[in-house]
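Breakdown of the fold
Here is what each chain is made of, one letter per residue.
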Amino acid sequence: MRIVFMGTPDFAVGSLQAISECGKYEIAGVVTQPDRPKGRGNKMLMTPVKEYALSKGYTVYQPQRVKTAEFIEVLRALQPDLIVVAAFGQLLNKELLTLPRFGCINVHASLLPKYRGAAPIQYAIIKGEKESGVTIMQMDVGMDTGDMLGKVIVPIEENTTMGELHDQLRDKGARLLLQVMEQIEKGTVRAEKQDDGQATYASLLDRSMERIDWTKPAQEVHDLIRGFNPAPSTFTTLPNGRSLKLWGSRLTTQTSAAAPGTVVAVGKRSFFVACGSGVLEITEVQPESKKRMPAQVFINGRGVQEGELLGGAQE
């Protein structure tokens, strides 16, 4: 079976690597987003998928838009039996979806129909879900609305971060993909319709979401901190107005009558902040213009004191 693979970030590398290493399929080409400038020097960086594909000697295509007539002809010449998509970053039209013999399948990092859209891993944690997973879907013209061909469930623990869940979903999704591809080739795959009435959406993350609102319950603040770790990160402000990124937190059984955002206690290894309800323990931070550090290091540098108010006036 001839495969064209479409993907861009590290999550997609897991699926491409699984197809490559299983040795059962011919990878006719790899399609990824164009290289983009990144960092302080605006250096052009390859996408993770491109980097991996080139290391394996695969032909890489980077169209600005895959839906152009010119690029569709390029794909047609590759004669794929199946197009596999994983976090590619561009929408496919009907002509593309019907081009391969077996159509196009997508490796989506949620238990569809929950969290259709661009940021399913972050939202699963931000919303306090107890489990997530990967769905392999037969693609159609809708936004993650196609028939489901396979699912794998991954539990989410109390302190699981987005980065940790991402890696679990990447690896388990890759293994599931190979199972579904084998079923497609054998003609044994079973498609299940999605219940659109149960659909939720994981829209693009907004920068305004990164600022901690201490008037929220401790559970919600904790979920946001771990849901944005390692990207895009959350922050609050110190009394001097400088920002403080928050990377690690733990729930406590404590309560406090102090105003939300008040540092109610400073221990040897962490400090405790009053929320709208409950108290949250902060275990890892990053002061402005400095590297990530354990809260203990920040405390030893007198970075925060009991009674101080973080975040300023809560909006």
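Our structure's up above, just so we're on the same page.
Everything in this summary refers to the structure shown in the same document. (Residues numbered from 1 in each chain as written. Predicted model: local features only at pLDDT ≥ 70, side-chain atom pairs only at ≥ 80, totals over all residues. Heavy atoms only, no water.)

**Here we look at helix H2 (residues 48-55)**
Inclusion rule: Whether a residue is buried, partly exposed or exposed follows from its accessible area with a 1.4 Å probe, protein chains only, as a fraction of its type maximum: under 20%, in between, or over 50%, in that order. Numbered from the N terminus, helices here are DSSP runs of H or I no shorter than four residues, and strands are runs of E no shorter than two. Each direction from the helix axis to a C-beta atom contributes to the arc, which is the arc of those directions. Any two residues whose heavy atoms approach within 4.5 Å at even a single point are treated as in contact.
By the burial criterion, the buried members of H2 are Val 49, Lys 50, Tyr 52 and Ala 53. Within H2, the buried residues cover an arc of 165° as seen down the axis, which keeps them to one side. Residues of H2 that are buried in the fold lie against strand S1 (2-7), helix H1 (10-22), strand S2 (26-31) and strand S5 (60-61). Gly 57 sits one or two positions beyond H2 and adopts a positive phi of about 80°.

**Focus: the sheet that holds S2**
Here is the rule: DSSP calls a pair of strands paired once it identifies at least 2 bridges connecting them. Note on definitions: angles span 0 to 180 degrees between N-to-C directions of axes, and those axes are lines fitted to C-alpha atoms, for helices only across the stretch in contact.
Strand order in the open sheet formed by seven strands is S5-S2-S1-S6-S7-S9-S10, and the pairing between neighbours is mixed. Of all the strands in the sheet, the pair left with one neighbour each is S5 and strand S10 (148-155). Relative to strand S6 (residues 82-86), S1 runs parallel, the two being bridged by five bridges. Of the residues in S6, the one forming a bridge with Ile 3 is Leu 82. The sheet strands contacting helix H3 (residues 69-78) are S1, S2 and S5, and the helix crosses S1 at an angle near 145°.

**So, unusual backbone geometry**
In the segment running from Asn 229 into Pro 230, the intervening peptide bond is cis, with an omega of 20°. The omega angle of the peptide bond from Ala 231 to Pro 232 is 5°, so this bond is cis rather than trans. Here Pro 232 lies in the loop between helix H7 (218-227) and strand S12 (234-237). A positive phi is found at Asp 144, a non-glycine position, where the angle reads about 60°. Looking at where Asp 144 falls in the secondary structure, it is placed in the loop between strand S9 (131-138) and S10. Of note in the backbone geometry, Arg 302 takes a positive phi value of approximately 55° without being a glycine. Relative to the assigned elements, Arg 302 resides in the segment after helix H8 (295-300). When its relative accessible area of 62% is taken as the criterion, Arg 302 is described as exposed.

**Focus: the packing of H1 against H2**
The cut-off we apply is this: Working definition: roughly parallel below 35 degrees, roughly antiparallel above 145 degrees, roughly perpendicular at 65 to 115 degrees, and oblique for all remaining angles. When the near helix sits turned anticlockwise from the far one by under a right angle, the crossing is termed left-handed; a clockwise turn instead gives a right-handed crossing. Residue polarity follows a fixed list, in which Ala, Val, Leu, Ile, Met, Phe, Trp, Tyr, Cys and Pro are nonpolar, Asp, Glu, Lys and Arg are charged, and the others, Gly among them, are polar.
It is the contact of H1 with H2, at a shortest axis distance of 8 Å, that shows an interaxial angle of 25°. The pairing of H1 with H2 is recorded here as roughly parallel in orientation. At the point where H1 passes H2, the crossing takes the right-handed sense. Taken together, the residues of H2 that come into contact with H1 (itself represented by Asp 10, Ala 12, Val 13, Leu 16, Gln 17, Ser 20 and Glu 21) are Pro 48, Val 49, Tyr 52 and Ala 53. Taken together, the residues of the contact of H1 with H2 break down into seven nonpolar, two polar and two charged.

**Considering the side chain of His 222**
Along the chain, His 222 turns up in helix H7. Note on His 222: relative accessible area 1%, which makes it buried. Contacts of His 222, omitting those with residues within four sequence positions, involve Glu 158, Asn 159, Ser 249, Arg 250, Leu 251 and Leu 280.

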